[in-house]
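# Structural overview for review
Next come the chains, spelled out residue by residue.
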Amino acid sequence: MRKVLVDQYAEFAAARAAHLYRSACLLTAGDTHLAEDLVQETLGRLYISWHRVARVGNPAGYAQTVLTRTFLTHQRRRSSTERATDVLPERADGAHGDVSLRLTLMEALARLPAKDRAVVVLRYWEDRSIEETADAMDASSAAVRTRCTRALGRLRELLGEDLTEYVSP
């Protein structure tokens, strides 16, 4: 039975790691090193409790919740001496869309408080409902609605009211 669970976990981790990494990159506003650490910690936590997680109806959603809570915990514990960098690594290929758009959005996300950033990523990147977002963040639905309104307002301030210039034709 143990071998079956390990094989199931390995298959799940291989299938979901890239998606978790992309979400972590958004949560960390482009800090790829922290994103890798968050994904590794998330997958480690899932491995430890996989015997329970495997029975959950939506282990991918559970993994996303663990990732979000791991990120928020990290933000609370973050040392005041740590400083994020605004320099992103260069990509070898241009197959990943408009680089300047991505950088502009990452810079705007980086200027949001951690919880507001988490709400934006969960609601609009992960396409989760308010209730699912509230559950993932261990917050009330009203708090999620308030954070959504505040975060989107702040993004509009940072990016300008007319966001159509950032949309690809």
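Let me sum up the structure you'll find in this document. None of the values given here were measured: they were computed from a predicted structure. (Residues numbered from 1 in each chain as written. Predicted model: local features only at pLDDT ≥ 70, side-chain atom pairs only at ≥ 80, totals over all residues. Heavy atoms only, no water.)

To continue, consider unusual backbone geometry. The phi dihedral of Ala29 falls on the positive side, at around 55°, and the residue is not glycine. Given a relative accessible area of 12%, Ala29 falls into the buried group. In this model, Asp127 sits at a positive phi of 60°, which is unusual for a non-glycine residue. You can see Asp127 is positioned in the loop between α6 (114–125) and α7 (130–137). Note on Asp127: relative accessible area 65%, which makes it exposed. (Buried < 20%, exposed > 50% of the residue type's maximum accessible area, 1.4 Å probe, protein only. Helix = DSSP H or I, 4+ residues; strand = E, 2+ residues; numbered from the N terminus.)

What follows concerns the nonpolar core. With 43 residues, the main nonpolar core has Leu43, Leu46, Phe71 and Leu109 as its most contacted residues. Looking at this core, the elements that each hand over two or more residues are α1 (2–27), α2 (32–48), α3 (50–53), α4 (59–77), α5 (99–110), α6, α7 and α8 (141–159). The contact partners of Leu43, leaving out residues within four places of it in the chain, are Tyr9, Ala13, Ala17 and Leu20. (Core = buried A, V, L, I, M, F, W, Y, C linked by side-chain atoms within 4.5 Å. Contact = heavy atoms within 4.5 Å.)

Interpretation note: all reported values are geometric properties and have no functional meaning in isolation.
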